[in-house]
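# Summary of structural features
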Amino acid sequence: MAARKSIFITGAASGIGRAVAIHFAERGWFAGLADIDEAGLAKTAAAILAGQSASYRLDVRNRNEWAEALAQFWNDAGQRLDVLFNNAGVGRGGPLADASQDETDLVIDVNLKGVVYGAEAGFRYLRDTPGSCLLNTASAAGIVGNPNMSIYCATKFAVRGLTESLDQEWDEHGIRVASLMPSFIDTPILDHVGPDSNRQTRDMVKEAGLEISPVSLVAEAAWKAVHGQDVHVRVGKTAHRMWTLSRFAPGFLRNRMKKQRQAARNS
């Protein structure tokens, strides 16, 4: 009988992390649930069959907590780590000139340093598990830069670059590295990110006529990414359109965004 596969998920207390944990657990995987939101972790664990998961309080900005959590998970999962899903992230929007240093540092520390720390801590466990995969949550914001999202976009472009580099670097160790690039997904992050503090991103997305995809779509994409060969897996119609335009007409895409902002200022 084949050993049960395992996945360790950061940001598992809600949104994409919760959906991916449930999706993989329903298919027989053991899910490691990691987050700083312990109440949220309990809700995710309650949605999974008993014995199919274990929870770990983890601040991805802390290398020591990474080491402790993965060491414990390695034992809990029967000494295997088939997938490390670097998913934890925060979103902040608005003009860079108006952003506080604390907000800027938080986005960089969680969205970029947290992913790097996860890769560092997870490498030896992934190396020792045949056919393993490091999966990172990037974003459609890592395809083209968006105004009023400069730091968030910068971190997601960095995750994209890190993914591409490590996929080549770790190939000799039998580790695949891939990223998810979702556009607008129905998660709590849409209720917090936005350049205008009086309007949620969710409302602005709807006003722009863009789709908000269900979180289940990302869970399915994560499964595809782990079992496929693509380095980047786009999720949502907007992400696919942005990817195509960025490859074949990057100037058109940037100019269109500028014109939209000019029209908004003049309205």
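Just above, that's the structure.
Computed from a predicted structure; not experimentally measured. (Residues numbered from 1 in each chain as written. Predicted model: local features only at pLDDT ≥ 70, side-chain atom pairs only at ≥ 80, totals over all residues. Heavy atoms only, no water.)

Backbone geometry at glutamine 79 places phi at a positive 60 degrees, although glycine is not the residue there. Phi at asparagine 148 takes a positive value of approximately 65 degrees, unusual for a residue other than glycine. By the element assignment, asparagine 148 lies in the loop between strand 5 (133–137) and helix 5 (150–169). (Helix = DSSP H or I, 4+ residues; strand = E, 2+ residues; numbered from the N terminus.)

Grouped together as the largest cluster of nonpolar side chains are 30 residues, with contacts concentrated most on Phe8, Trp66, Leu81, Leu134 and Trp170. Elements with a contribution of two residues or more to this core: strand 2 (30–35), strand 3 (53–57), helix 3 (63–76) and helix 4 (101–127). A per-element tally of this core places helix 4 first, with eight residues. Leaving out residues up to four positions away in the same chain, leucine 81 has contacts with Ser6, Phe8, Leu70, Phe73, Trp74, Gly122, Tyr125, Leu126, Thr129 and Ser132. In this structure, Ile9, Ala13, Val218 and Ala222 belong to the second largest nonpolar core, which totals 29 residues. (Core = buried A, V, L, I, M, F, W, Y, C linked by side-chain atoms within 4.5 Å. Buried < 20%, exposed > 50% of the residue type's maximum accessible area, 1.4 Å probe, protein only. Contact = heavy atoms within 4.5 Å.)

Let us now look at the environment of aspartate 35. Of note, aspartate 35 is situated in strand 2. Taking the C-alpha atoms as reference points, aspartate 35 and arginine 57, separated by 22 residues in sequence, lie 5.3 Å from one another. Ignoring any residue separated from it by four or fewer positions in sequence, one finds aspartate 35 in contact with Gly11, Ala12, Ala13, Leu41, Tyr56, Arg57 and Leu58.

All right, on to the sheet that holds strand 3 then. The seven strands are arranged 3-2-1-4-5-6-7 in an open sheet whose pairing can be described as parallel. Each edge of the open sheet is held by one strand with a lone partner, namely strand 3 and strand 7 (232–235). Neighbour-to-neighbour, the strand axes of the sheet open up by a mean angle of 15 degrees, direction not taken into account. Where helix 4 meets the sheet, its contacts fall on strand 4 (83–86) and strand 5, and the angle it forms with strand 4 comes to roughly 175 degrees. Each of strand 5, strand 6 (176–182) and strand 7 is contacted by helix 5, which is oriented at about 155 degrees to strand 6, the strand it contacts most. (Pairing = 2+ DSSP bridges. Axes fitted to C-alpha atoms, helices over the stretch in contact; angles between N-to-C directions.)

This next bit is on helix 5. For helix 5, which comprises 20 residues, the first-to-last C-alpha distance of 28 Å matches the rise-based estimate of 28 Å (1.5 Å per residue) to within 8%. What helix 5 keeps buried is the set Tyr152, Cys153, Thr155, Lys156, Val159, Arg160, Thr163 and Leu166. For helix 5, the angular spread of the buried residues around the axis is 165 degrees, confining them to a single face. Among the structural elements, helix 4, strand 5, strand 6, strand 7 and helix 8 (237–248) are those in contact with the buried residues of helix 5. (Expected span 1.5 Å × (residues − 1). Arc of directions from axis to C-beta.)

Any link to function would need more than the numbers given here.
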